[in-house]
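# Structure at a glance
Here are the chains, one letter per residue:
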4 protein chains.
Amino acid sequence: MYQPKTITTTTEIIVKFSDCDALQMVWHGNYIKYFEDGREDFGRKHSLGYWEIYKQSNLAVPLIHVDCDYKKFVGMGEKITIESTFIETPAAKIIFEYKIFNQKKELVCTGKTIQVFVDAVTKDLLITVPPFYQAWKEKHL
Amino acid sequence: MYQPKTITTTTEIIVKFSDCDALQMVWHGNYIKYFEDGREDFGRKHSLGYWEIYKQSNLAVPLIHVDCDYKKFVGMGEKITIESTFIETPAAKIIFEYKIFNQKKELVCTGKTIQVFVDAVTKDLLITVPPFYQAWKEKHL
Amino acid sequence: MYQPKTITTTTEIIVKFSDCDALQMVWHGNYIKYFEDGREDFGRKHSLGYWEIYKQSNLAVPLIHVDCDYKKFVGMGEKITIESTFIETPAAKIIFEYKIFNQKKELVCTGKTIQVFVDAVTKDLLITVPPFYQAWKEKHL
Amino acid sequence: MYQPKTITTTTEIIVKFSDCDALQMVWHGNYIKYFEDGREDFGRKHSLGYWEIYKQSNLAVPLIHVDCDYKKFVGMGEKITIESTFIETPAAKIIFEYKIFNQKKELVCTGKTIQVFVDAVTKDLLITVPPFYQAWKEKHL
């Protein structure tokens, strides 16, 4: 069976007061922000940041999909670890899978995002893999 | 084929400056907030709000799942319509599907949320349908 | 005593679940968002929106000051009224004062914002009142 | 002249994509969140966190005032330093002043928050300094 190549980074975050909702637990929508935190940290560590892409290639990388499955509550002040895994694909897409763990190493949630490349000005979708991304994959995977 | 009963409400929203990201389009995470806007509006129109549930039954209804598929960009000042559809299920769950449209009636995104019932204090999961919800379904579906 | 001319608009908002914090009351930072809601609603009603300014004059109107004094808690589901008052000034500034009231017409908070004009590209500050704003003031005040 | 005692902590933050608005700069309301980040970091370093107060004394510490003066734009990916200074006061209040700097050590904004003590359940205001806070001040200042 074909096994796509992957790269995983981990990012530690402390849950803020303002991340929590009226149940005193992280508001579900904020996990989508944590996924972005993980992705941005991955970008810094592996030279694949929003801003680098934008400046190098005049491309933006909007999401076309996100999902999240919640397993456990997390409360304010808790330290969580975001595990962001880049999943190789031949398509003109950036795919990440996420696992978030609490301090007891319990799985808090899992999720996935899919991003595509669009021209930053016209917003037109790129059908083929942009050269910089092909080069990045060859170098990093 | 079994067709679950559904109830749909529509909610109009004007996209705010602060909903938009550096691409001058709605930040993807804010659609999760729009789903909540739709769900809360449904709750007001059909007596199934977070707060009613909490006060009546001392239950909270956290999400166990959310997904969103993005089709079109939306910019600030645009009027969008959130179509929130309650999907009947025999399980102890609240399921909603969402479609968001722009002013041209183009589909902007689709999504889904699944909520469960937990004791607001102990956070224990309810395995069976709570009586108030059973009564609500009998009355409204 | 000189009394600056003013224009006031009122905007009704329903407090969302996700606006509230762990105390089950609106998180203090969200009032800054409500001020923006009021300002955007003023902009729509009086043709002074972020986006119109940006498109007409290639200017942005960032804040240089905000303050807020909190008087009363507001909880989720409450209907609040934002009173946004444009305060005339000869300077190259946009000044608003805000009062937010709950449903019992009790004062919830007061605040103020000051915005300046900058070139949207270079981010350079405009020292003098831009012509479109002068014209707007002559027409509306 | 009376000079109140102070304690200052510094907190480093990397500006996120989702912190930025359509001008590709930090949205003004997010500085209020950065102040909270600074305050929470102070709380962790000096045992004066929201949660400790809540659990030890069943008190909440809502804001009654915030202000912010903006000096410079900050863009995504920039590293900023939040300087949070606790300002001694004999009143039943917690006062902080903030300075945020960019990587070039340029002042980005200044601000201030004032918090009071309320009973977490009844939301009644405390007029006198609660014993735990008196003890904290004696120990730390």
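In this text the structure is predicted, and so the values were computed from the model without any measurement.

Time to look at empty space enclosed by the protein. Counting across every chain of the model gives seven cavities of 30 Å³ or more. For the largest cavity, the lining is made up of 32 residues, of which Lys33 of chain A, Lys33 of chain B, Asn30 and Lys33 of chain C together with Lys33 of chain D are closest to its centre. Taken together, the elements giving at least two residues each to the lining of the largest cavity come down to helix 1 (30-46) of chain A, helix 1 (30-46) of chain B, helix 1 (30-46) of chain C together with helix 1 (30-46) of chain D. Taken together, the residues that form the lining of the largest cavity break down as eight nonpolar, 12 polar and 12 charged. There is about 110 Å³ of room inside the second largest cavity. Around the second largest cavity sit Arg39, Glu40, Phe42, Leu48, Gly49, Tyr50, Ile53, Val61, Ile94, Phe96 and Gln115 of chain C, which together line it. If you list the elements that add at least two residues to the lining of the second largest cavity, you get helix 1, helix 2 (50-57) and strand 5 (93-101) of chain C. Tallying contributions element by element places helix 1 of chain C first for the lining of the second largest cavity, with three residues.

The subject of this paragraph is the packing of aromatic side chains. This model, assessed by the stated rule, comprises 56 aromatic pairs over all chains. Between Phe132 of chain B and Tyr133 of chain B, the aromatic rings sit 6.3 Å apart at their centres with planes inclined by 45°, giving tilted as the arrangement. One aromatic cluster is present, built from ring pairs that chain together Phe35, Phe42, Phe86, Phe96, Tyr98, Phe117, Phe132, Tyr133 and Trp136 of chain A.

Turning our attention to the sheet that holds strand 5 (residues 93-101) of chain B. Strands sit in the order 1(A)-4(A)-5(A)-6(A)-3(A)-3(B)-6(B)-5(B)-4(B)-1(B) across an open sheet of 10 strands; the sheet is antiparallel. Each of the sheet's edge strands pairs with one partner strand only, and the pair in question is strand 1 (6-14) of chain A together with strand 1 (6-14) of chain B. The mean inter-strand angle of the sheet, taken between neighbouring strand axes irrespective of direction, is 15°. Summarising the sheet, strand 1 of chain A and strand 4 (residues 79-87) of chain A pair through nine bridges and their orientation is antiparallel. Looking at strand 4 of chain A, one finds that Thr11 of chain A is bridged to Ile82 of chain A. Helix-sheet contacts for helix 1 of chain A involve strand 1, strand 3 (63-70), strand 4, strand 5 (93-101) and strand 6 (107-116) of chain A, and the interaxial angle to strand 1 of chain A is about 120°.

Residues Tyr31 of chain A, Tyr31 of chain B, Tyr31 of chain C together with Tyr31 of chain D are the most contacted members of the largest nonpolar core, which totals 153 residues. Beyond its immediate chain neighbours, meaning those up to four positions away, Tyr31 of chain B contacts Val26, Cys68, Tyr70, Lys72, Val74, Ile100, Val108 and Cys109 of chain B.

What follows deals with the pairing of strand 6 of chain A. All names here are of chain A. A large share of strand 6 lies buried, amounting to eight of its 10 residues. Bridge analysis of strand 3 against strand 6 gives seven bridges, and the strand direction is antiparallel. Pairing of His65 across the sheet is with Ile114, part of strand 6. Across nine bridges, the pairing between strand 5 and strand 6 is antiparallel. Among the inter-strand pairings, Ile100 is bridged to a residue of strand 6, identified as Cys109. From the end of strand 5 to the start of strand 6, which pair antiparallel, there are five residues, and Lys105 there has a positive phi angle of about 65°.

Attention now moves to the relation of the copies chain A and chain C. Superposing chain A onto chain C takes a rotation of 180° combined with a translation of 0.0 Å along the rotation axis, leaving an RMSD of 0.0 Å. Both chain copies can therefore be described as sitting about a two-fold axis. The fraction of interface residues of chain A whose copies in chain C are also interface residues reaches 100%, indicating that both copies meet through the same surface.

A separate point is the relation of the copies chain A and chain B. Turning chain A through 180° and shifting it by 0.0 Å along the axis lays it on chain B, with an RMSD of 0.0 Å. In this assembly the copies share their binding face: 100% of the residues contributing to the interface of chain A also contribute to that of chain B.

So, how was this worked out
- Each chain carries its own residue numbering, running from 1 in the direction its sequence is written.
- In the order they appear in the text, chains get letters beginning with A and ligands get numbers beginning with 1.
- Residue-level local features of this predicted model are given only where pLDDT is at least 70; pairs of side-chain atoms are given and counted only at 80 or more, and the full residue set underlies all totals for whole chains, interfaces and linings.
- With hydrogens and water stripped out, all remaining heavy atoms of the structure feed into the side-chain values.
- Every definition here rests on a 1 Å grid over the protein atoms only: cavities are sets of points where a 1.4 Å probe fits but cannot get out, pockets are open sets enclosed by protein on both sides within 12 Å along at least five of seven lines, and lining residues have some atom within 4 Å of a point.
- Grid points are joined across faces, edges and corners, and a volume is the space filled by probe spheres set on the points.
- Secondary structure counts use DSSP, requiring at least four H or I residues in a row for a helix and at least two E residues in a row for a strand, with both numbered from the N terminus.
- In this classification, the charged set is Asp, Glu, Lys and Arg, the nonpolar set is Ala, Val, Leu, Ile, Met, Phe, Trp, Tyr, Cys and Pro, and all remaining amino acids, among them Gly, are polar.
- Aromatic contacts are taken between Phe, Tyr and Trp rings whose centres are within 6.5 Å, Trp giving its six-membered ring; a plane angle under 30 degrees counts as stacked, one over 60 as edge-to-face, and the others as tilted.
- At least two bridges found by DSSP between two strands are what make those strands a pair.
- With axes taken as lines fitted to C-alpha atoms, and helix axes fitted only over the stretch in contact, angles between N-to-C directions fall between 0 and 180 degrees.
- For this analysis, residues touch if any pair of their heavy atoms sits within 4.5 Å.
- As used here, the term nonpolar core means buried Ala, Val, Leu, Ile, Met, Phe, Trp, Tyr and Cys residues forming a set that is joined through side-chain atoms within 4.5 Å.
- Only protein chains enter the area calculation, which uses a 1.4 Å probe; residues under 20% of their type maximum are buried, those over 50% are exposed, and those in between are partly exposed.
- Superposing copies: least-squares fit, C-alpha atoms only, residues required to have pLDDT of at least 70 in both.

Everything listed here is a matter of coordinates, which is why it stays silent on function.
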